[in-house]
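# Per-entry structural report
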Amino acid sequence: MTEDKVTRTLVFTVFTAVLGSFQFGYDIGVINAPQQVIITHYRHVLGVPLDDRKAINSYAINSTEELPASPFLGVPTPTPWAEEEPVASASLVTMFWSLSVSSFPVGGMIASFFGGLLGDQLGRIKAMLVANILSLAGALLMGFSKLGPSHILIISGRGISGLYCGLISGLVPMYIGEIAPTTLRGAIGALHQLAIVTGILISQIVGLDFILGNHELWHILLGLSAVPAVFQSLLLFFCPESPRYLYIKLDEEAKAKKSLKRLRGSDDVTNDITEMRKEREEASSEKRVSIVQLFTNSSYRQPILVALMLHMAQQFSGINGIFYYSTSIFQTAGISQPVYATIGVGAVNTVFTALSVFLVEKAGRRSLFLIGMSGMFVCAIFMSVGLVLLNKLAWMSYVSMTAIFLFVSFFEIGPGPIPWFMVAEFFSQGPRPAALAMAAFSNWTCNFIIALCFQYIADFCGPYVFFLFAGVVLAFTLFTFFKVPETKGKSFEEIAAEFRKKSASTKAPKAAVEMEFLGATETV
């Protein structure tokens, strides 16, 4: 069948699109490695006395996961610097560092609403080109931050990069989901997450102090995302526009067929056109669907709630907490260079995401998500036990280390990549942009909440914090089991029928009680 064929054009186009995802991952991870170097530079630029180093460093340990920046947003900048008390000076430096970290997810939250809208207005290709303007602007501000007020330039650059990543988190899954053959949609969709974790890993490696993460070259490290942005912009000119966008949104069948023939490597694109024709007929009756309508229209309510829950499961699973604790656990285990062990976690992250690309069409999305969440639940329990008994039994640190690697592996098999492309599969052309925008906003918001609150939760719960995450993971696992349909190899019509079937099944008293809090008792 022609639909199963992987052509050079398809490979080239998907590679080009996920360069945006790579930038997303690079921007997520790049700020971590040079943390101490940037804080030292901030102190130098702001004239904070060297005596404050201890106060600043005591805060800075692991502070990339704690974002208590928002409360400081309204604080005016006091002057002159030389007259400030040491603690006040230190708090100003930490404020600027926290803003450097938190401006990124704030930008992502804002822009995530506009990815689908931009894709509809300009087309998928032009939208990605326009988004790259933001990526370049952010990279240039950070790359030249040594030449001016570094803290202002980095905070601005990170915020603009966040805007770019917010757009991309909706645009890339939408575009590659629309150009992929039905039988390869899951595998190709998982490449978005694979590119993200590859970007994180590359940022960790080039951020090592003997490469770019040092006092001389840290600004180049931050500005390096300009390279894939320029590269992608050049390649996008040779990529075909989404046939679904051309046929369903613009009603240009000839251009859609031309695009399909390039992507499929065949003149016979009848099956694709037939499927899109059905979608267009549905879309014409649906008209344009707003975000409000996703929740008020009974046909969309259950799919959007499931979509949001999948993204919440991804972020609230404790994966960020695992990365937060990894360095300190590796240190306790006696590893002299824990940074390399943390890079090892990033490598495992990448390998198992690559594995999920091959597994997702074999095992199915729902099955992999359930396997991943179940494994994470068990690992979180072992992680907690290891942390609680760390001071009593030295070998428990190795239990915790093993749990870290396994937790990350299970995360990338299912909950990591699957939510991004499953949302695109849940919806036809009419509601898809609004649904992807809402899902991306949910993901960014949950990311920001975890970053903002995790430190306080960890301080309150201590080593028991992962028991809390184990409970959350268990709840999401049960939700997935009862409410999430399998989408492997199914058309959008078939997936909609699955939702109707699951919604109807909630009439059973037991299921109705279990899922009442999510409105599962409503019928479609």
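This structure is a prediction, so every number in the text was calculated from the model and none was measured. (Residues numbered from 1 in each chain as written. Predicted model: local features only at pLDDT ≥ 70, side-chain atom pairs only at ≥ 80, totals over all residues. Heavy atoms only, no water.)

Any residue range with low pLDDT should be treated as having predicted coordinates unsuitable for detailed reading. Of the residues in the protein chain, 86% reach a pLDDT of 70 or more, and the chain-wide mean stands at 83. Low pLDDT, under 50, characterises residues 52-85; the predicted model gives this stretch 62 contacts beyond four residues in sequence or across chains. Across residues 509-524, where pLDDT falls below 50, the model places 27 contacts with residues more than four positions away in sequence or in other chains. (pLDDT = per-residue confidence, 0-100. Contact = heavy atoms within 4.5 Å.)

Let's shift gears to the packing of helix α15 (residues 298-316) against helix α20 (residues 418-426). With their axes 10 Å apart at the nearest point, α15 and α20 run at an angle of 175 degrees to one another. Put simply, α15 runs roughly antiparallel to α20. In this structure, α15 uses P303, V306, A307, L310, H311 and Q314 to contact α20, whose residues at the interface are P419, W420, M422, V423 and F426. Each residue belonging to the contact of α15 with α20 can be placed in one class, and the counts come to nine nonpolar, two polar and no charged. (Axes fitted to C-alpha atoms, helices over the stretch in contact; angles between N-to-C directions. Helix = DSSP H or I, 4+ residues; strand = E, 2+ residues; numbered from the N terminus. Parallel < 35°, antiparallel > 145°, perpendicular 65-115°, else oblique. Nonpolar A, V, L, I, M, F, W, Y, C, P; charged D, E, K, R; others polar.)

A full pass over the atoms with the stated rule returns seven aromatic pairs. Look at F426 and F499: their rings are 4.9 Å apart centre to centre, the planes differ by 85 degrees, and that puts the pair in the edge-to-face class. Remark: F499 occurs in helix α23 (residues 492-505) and F426 occurs in helix α20; sequence separation between them is 73 residues. As far as the burial class goes, F426 and F499 line up, both buried. Three or more aromatic residues joined by ring pairs form one cluster here, namely F24, F104 and W444. (Phe/Tyr/Trp six-rings, centres within 6.5 Å; stacked < 30°, edge-to-face > 60°. Buried < 20%, exposed > 50% of the residue type's maximum accessible area, 1.4 Å probe, protein only.)

Another point: the pattern of salt bridges. Overall, the coordinates contain 14 salt bridges when judged by the stated rule. Residues K257 and E253 are paired through a salt bridge, measuring 3.3 Å at the closest nitrogen-oxygen approach. Here K257 pairs with E253, and both are found in helix α12 (residues 253-264), just four residues apart, close to one helical turn. A residue is classified by how much of its surface remains accessible, and E253, at 28% relative accessible area, is partly exposed. Put simply, D120, R124, E178, R244, K249, E275, E279 and R432 are held in one network by salt bridges that share partners. (Salt bridge = Lys/Arg side-chain N within 4 Å of Asp/Glu carboxyl O.)

Bringing the environment of T9 into the picture now. Relative to the elements of secondary structure, T9 occurs in helix α1 (residues 8-29). Under the relative-accessibility criterion, T9 is labelled partly exposed at 24%. For the pair T9 and R264, spaced 255 residues apart in sequence, the C-alpha to C-alpha distance is 8.0 Å. In this view, T9 contacts P240, R262 and L263; residues no more than four positions away in its chain are not counted.

You will see that D251, though not glycine, has its phi angle at about 60 degrees, which is positive. You can see D251 is positioned in the loop between α11 (243-249) and α12. For D251, a relative accessible area of 52% corresponds to the exposed category.

It is a probe the size of a water molecule, rolled over the atoms, that shows where empty space is left. Per the stated rule, a full pass over the model turns up two cavities of 30 Å³ or more. By volume, the second largest cavity amounts to about 60 Å³. At the level of secondary structure, the elements contributing two or more residues to the lining of the second largest cavity comprise α7 (150-179), α8 (185-206) and α20. Per element, the largest residue contribution to the lining of the second largest cavity is five residues, and it comes from α7. Its residues assigned to classes, the lining of the second largest cavity comprises six nonpolar, two polar and four charged. Two domains each put at least three residues into the lining of the second largest cavity: domain 1 (8-50 + 88-239) and domain 2 (292-523). (1 Å grid on protein atoms, 1.4 Å probe; cavity = no way out; pocket = protein on both sides within 12 Å on 5 of 7 lines; lining within 4 Å. Points joined across faces, edges and corners; volume = space filled by probe spheres on them. Domains from an automatic or database assignment.)

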